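# What the coordinates show
Chain by chain, the residues run as shown.
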Amino acid sequence: MPSIDVANTTSPGVIAFRTFLDEVLGEAITVKPPSDDRSLSINPPLQKDDLHDFSERLSQVLSDYTAAEQQADDTEKLAAKTRKHNVVEVASRAKFATLTASTPISGPEAVNIWNLLDIIFFTADIGHGDPALMFLLVEDLLSSQTISGCRIIFDFLESRRERCVSKFYKQSHLIVLRSCNELLRRLSRAEDTAFCGRVFVFLFQYFPLGDKSSVNLRGQYHAENVTTYEKPLEGGDKMEVDKEENLDKATEAPQTEKPGGKKADTGTPKTSSPPLSNDELYDLFWPLQESFSQPLRLFEPANLKPFQRGVEETVKKFVALPSATSRSSTVDEPKSSLKRKREGLEDGEGAEAYNPRYLTSRDLFELEARWARETKDKIAEYMRKDVPGKAFYRVIETVLARDKNWVYWKMASCPPIKRDPIDPKVWAEAQASALRVTTSKRLRPVPMSAVPMEFLKPKAPGQALKELEDPKRYQLPDLDSFKAKINDSDFDIQMAKTPAEKARAQERKASQSWRAMRIARGFKLAAFDKIDNPDDISAIFEPLEDIVAEVAADEIAADEYMPANREAVIVSGPPGAGKSSIIQKLMEARKGVFERVVRHTTREPRDGETDGKDFHFVKGPEFNQLRDGDRLIENVEQGEIAYGTSYKVVEVVTESGKVPIIEMEIDSAKFAKDMDFDARYVLVKPASPESHETFLKAEGGRDDAAIKAVVDSLPALVEGLNADNIAGKVILNENVENASHELGDYLYQKDADADTEIVNGTDTGEAPLSEQNNGDMDVDAPEAS
Ligand SMILES: Nc1ncnc2c1ncn2[C@@H]1O[C@H](COP(=O)(O)OP(=O)(O)OP(=O)(O)O)[C@@H](O)[C@H]1O
């Protein structure tokens, strides 16, 4: 059979299929009539079952071609299939062209266009048409419409996304990518921001996470994004800041000879000069944009040098601006601390001034990396000075971390992103432990109790009132009074001479036990768990403290032992400050009240550590998914290892009724605070450098030099905590017992003076530590926030 002449639409097959299309479109319009509400004409999508016997009728119309397809020869089969697809395509395109030419896309009649596209989809689904056809038609339609028309077409695409992906992802993904890219090229990011976002979201949802089709493997970043700015005037009045000799002059620092022949930087503070004027900065600031959009160009020494200078001058300019805090503050302190910091910076900056002659040195890369790290820290420090800056900085940090992972992923040749299915055993265990944590086994301490209604019975006049005055009616007997009575009954049971006598004594004891238990239920419900034998209820006469101490680890303490405020508690402090010891002590003293929040980490478990107890040990990609999905309260990286706290884990503890208690390093607490995580922030500090050294030695794992480094770094670590205001309570750890009491008092709000510092829970009435002579360890108690 000769292949079909696509231009000749009078082919009987084409005519037959076109007639069929007209018929089913007529049916479809009865199912989805035209509507002024555009959303109704697109949604819900037409279903194959809406059309009467669609598959059978279609097979009938194309029966000649289908029969030819049954040929034994593969080549013949293929040719017949192509002919059938051509027939479907020619007829569909002709109908589509007629419809789109005569129907405004925003009008109610446009429902016919959407129905036609659905019908073409069904035709391909039963194997009678090319799966790509519907997508090609949508592409044509997109390119022929204005942006507002494209929005409507996009409504259609979005609503059909799931079925397109599940049926024809392979045949459609490149056409979809091409159409979306073309659309994005036409859209203005500034004016059609929301629509651009929709297109991106659509692409993310259409393509699997690990798909490489849109990966920029060669690392060309926004090559077309060129920033235009006024270039420095040649020979004009302006300072020619980018010229080599000026840069040399600006950056050159006196050199001294290092042993080994290398020149060493003397640390002359090249940035001690005042910040540039806006005019001067202009020529340094705007060229930075080029480097940010093309980071690879920074590997050229000629580009790196001006970039470094531009960044330094820009940061210097920012730092010189008064911060929002100091602008709004009437107190001198922030200004002086700003000054102190700036002086510190200037001193430090001397080290960055290395001579351009080093550009050929093998140490250069290390120097550049150090420069980049230090500049990042400097910018971070500046941004964190103001309240809105903190959250903004954390967002940038997260975006950079995501970018870093993206680059790593590309460097590893885009390995597939998948998570292994969870082992059913692990799942069952997790479910069981979640159930255990979230189910309170204990009845409420004050259950709904029925009041005896006897007093409602008619009585002699005045008698009822008299009875009410009887103290027995409103006073419960003392619980301990039953102890003696029950002991007497026990004695009677043992000494009974006749069975009747024994039975009477047993009955008496049962009644006394019952009444004692009724009294005890109001304030000693926890003791009931200790009663194994109904003949021995002595547990309810034990002191309350002993009973509370017996509450099992996964049980929740009775309401009267819980603090009024059950908000999460974040306990932070320097390494070895005693955080774990204090928390441990507190949890032992207040069983069933607190639950530690187990953090996530990417490091391997150490000897003796258990997954889910010490940490949730996860792999890098899993951690990244948590962080990228904004499911972490905080996350920090220590070298290659990441740590983070999951919102979910905190929620599970909160929902169980216990108080979540989270131990973390100071940086993490700052992160959580910056992200406005609601918690009570507590800072634990060793009382002196000497005791800190002792704790670190006791903790082990560090040699003397490392211990000294931690102790020496403490003053710098705690400096600035006031400005960050990260702790509502500072606890000095002189003695674990006292410190845990102090923490308990604070959390139970017995510590009225919560926002000031008290030594080891002893409200001595002394001045806050900031005013005492505590040497290097001083931290001013932060203001109440
Ligand atoms: N007040 C104290 N008196 C004596 N020893 C203490 C005191 N507080 C803590 N220690 C000891 O110091 C060591 C470190 O304490 P701990 O592990 O509680 O500190 P940490 O802040 O949790 O440390 P890291 O952050 O490194 O985990 C432990 O051996 C602990 O027993």
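As annotated in an unreviewed UniProt entry, the protein chain carries the name THO complex subunit-like protein and is attributed to Emericellopsis cladophorae.

In terms of helices and strands, the protein chain carries 31 helices and twelve strands. The 785 residues of the protein chain split such that 39% are buried. When the accessible surface of the protein chain is split by element, carbon and sulfur atoms take 54% of a total near 44,400 Å².

So, about the packing of helix 28 (residues 689-699) against helix 29 (residues 704-718). As a packed pair, helix 28 and helix 29 sit with axes 10 Å apart at the nearest point and diverge in direction by 140°. It follows from the interaxial angle that helix 28 and helix 29 lie oblique. Note on packing geometry: the crossing formed by helix 28 with helix 29 is right-handed. For the pair helix 28 and helix 29, the contacting residues are Pro-689, His-692, Glu-693, Leu-696 and Lys-697 in the first and Asp-704, Ile-707, Val-710, Val-711 and Leu-714 in the second. Classifying every residue of the contact of helix 28 with helix 29 gives six nonpolar, one polar and three charged.

This structure, assessed with the given rule, holds five cavities of 30 Å³ or more. Looking at the second largest cavity, its volume works out to about 40 Å³. Along the walls of the second largest cavity sit Phe-135, Val-138, Glu-139, Leu-157, Ile-175, Val-176, Ser-179 and Cys-180, which together make up its complete lining. Counting only elements with at least two residues in the lining of the second largest cavity, the list comes to helix 7 (133-144) and helix 8 (147-186). With five residues, the single largest contributor to the lining of the second largest cavity is helix 8. Looking at the lining of the second largest cavity residue by residue, the class counts come to six nonpolar, one polar and one charged.

With 20 residues, helix 1 (residues 12-31) ought to run about 28 Å at 1.5 Å a step, and its terminal C-alpha atoms sit 29 Å apart, in line with that. The secondary structure elements touched by the buried residues of helix 1 are helix 3 (54-61), helix 4 (63-69), helix 5 (74-102) and helix 6 (111-125).

Moving on, we get to the site of the ligand. Neighbouring the ligand are 16 residues, the closest being Lys-579, Ser-580, Ser-581, Glu-699 and Asn-733. In this structure, Ser-580 approaches the ligand through a side-chain N or O atom, which is 2.5 Å from an oxygen atom. One of the side-chain N or O atoms of Glu-699 is found 2.5 Å from an oxygen atom in the ligand. Coverage of the ligand by the protein amounts to 71% of the 630 Å² it exposes when considered alone. Listing elements by their share of the shell around the ligand, those giving two or more residues are helix 24 (579-589) and helix 28. For the shell around the ligand, the class distribution of residues is six nonpolar, six polar and four charged.

With that settled, consider the nonpolar core. Core analysis: the largest hydrophobic core is formed by 62 residues, its most contacted members being Phe-17, Trp-114 and Leu-117. Taken together, the elements giving at least two residues each to this core come down to helix 1, helix 3, helix 5, helix 6, helix 7, helix 8 and helix 9 (193-206). In terms of residue count, helix 8 provides more of this core than any other element does, 15 residues in total. Setting aside chain neighbours within four positions, we find Phe-17 in contact with Leu-58, Val-61, Leu-62, Val-87, Val-88, Ala-91, Ser-92 and Thr-123. With 23 residues, the next largest nonpolar core counts Ala-558, Ile-582, Val-659 and Tyr-746 among its residues.

This part takes up the environment of Phe-307. Considering the arrangement of structural elements, one finds Phe-307 in helix 13 (residues 301-320). Along the backbone, Phe-307 and Gln-289 are 18 residues apart, and their C-alpha atoms lie at a distance of 9.6 Å.

Paired through backbone hydrogen bonds, the strands of a sheet run either parallel or antiparallel to each other. As summarised here, the arrangement of the four strands in space is 6-5-8-7, forming an open sheet in which the pairing is mixed. Of all the strands in the sheet, the pair left with one neighbour each is strand 6 (616-617) and strand 7 (632-638). Bridge analysis of strand 7 against strand 8 (residues 641-646) gives six bridges, and the strand direction is antiparallel. If you follow Val-636 over to strand 8, its bridge partner there is Tyr-643. The sheet strands contacting helix 26 (residues 647-656) are strand 5 (600-601), strand 6, strand 7 and strand 8, and the helix crosses strand 8 at an angle near 35°.

Below, the discussion takes up the pairing of strand 8. Walk down a regular strand and you will see the side chains alternate between the two sheet faces. Most of strand 8 is tucked away, with five of its six residues classed as buried. The pairing of strand 5 with strand 8 spans two bridges and is antiparallel. Across the sheet, the residue bridging to Thr-601 is Tyr-643, located in strand 8. Once strand 7 ends, the chain turns through two residues before running back antiparallel as strand 8, passing Gly-639 with a positive phi of about 65°.

Moving on: a nonpolar patch on the surface. Together, Trp-406, Val-407, Tyr-408 and Met-411 line one region of the surface with nonpolar side chains, adding up to about 430 Å² of accessible area. Its location among the elements puts Trp-406 in helix 17 (residues 387-411). Among the residues examined, Trp-406 registers a relative accessible area of 39% and is labelled partly exposed.

Turning next to the side chain of Ser-291. Secondary-structure assignment places Ser-291 in helix 12 (residues 287-293). Among the polar contacts listed, one links the side chain of Ser-291 to the side chain of Arg-297, at a separation of 2.8 Å. Beyond its immediate stretch of four places on either side in the chain, Ser-291 contacts Arg-297, Leu-298 and Phe-307.

Right, let's talk about unusual backbone geometry for a bit. Negative phi characterises most residues that are not glycine, and trans characterises most peptide bonds. Note that the residue after Asn-43, namely Pro-44, is joined by a cis bond; omega there is -5°. Inspection of the secondary structure assignment puts Pro-44 in the loop between helix 2 (38-42) and helix 3. Notably, Asp-53 is not glycine yet its phi reads approximately 45°, a positive angle. Turning to its location among the elements, Asp-53 is positioned in the loop between helix 2 and helix 3. A relative accessible area of 41% places Asp-53 in the partly exposed class. With phi around 60°, Asp-676 is a residue other than glycine that occupies positive phi space. By secondary structure assignment, the location of Asp-676 is in the loop between helix 27 (666-674) and strand 10 (680-686).

Calculation notes
- Residues numbered from 1 in each chain as written.
- Predicted model: local features only at pLDDT ≥ 70, side-chain atom pairs only at ≥ 80, totals over all residues.
- Heavy atoms only, no water.
- Helix = DSSP H or I, 4+ residues; strand = E, 2+ residues; numbered from the N terminus.
- Buried < 20%, exposed > 50% of the residue type's maximum accessible area, 1.4 Å probe, protein only.
- Areas by Shrake-Rupley, 256 points an atom, 1.4 Å probe, with all protein chains shown as cover.
- Axes fitted to C-alpha atoms, helices over the stretch in contact; angles between N-to-C directions.
- Parallel < 35°, antiparallel > 145°, perpendicular 65-115°, else oblique.
- Left-handed = near helix turned anticlockwise from the far one by under 90°.
- Contact = heavy atoms within 4.5 Å.
- Nonpolar A, V, L, I, M, F, W, Y, C, P; charged D, E, K, R; others polar.
- 1 Å grid on protein atoms, 1.4 Å probe; cavity = no way out; pocket = protein on both sides within 12 Å on 5 of 7 lines; lining within 4 Å.
- Points joined across faces, edges and corners; volume = space filled by probe spheres on them.
- Expected span 1.5 Å × (residues − 1).
- Near = heavy atom within 4 Å.
- Polar contact = N/O pair within 3.5 Å; in protein donor to acceptor, adjacent residues only side chain to side chain.
- Core = buried A, V, L, I, M, F, W, Y, C linked by side-chain atoms within 4.5 Å.
- Pairing = 2+ DSSP bridges.
- Patch = residues over 30% accessible without salt bridge, like charges linked within 9 Å, V, L, I, M, F, W, Y side chains within 5 Å.
- Salt bridge = Lys/Arg side-chain N within 4 Å of Asp/Glu carboxyl O.

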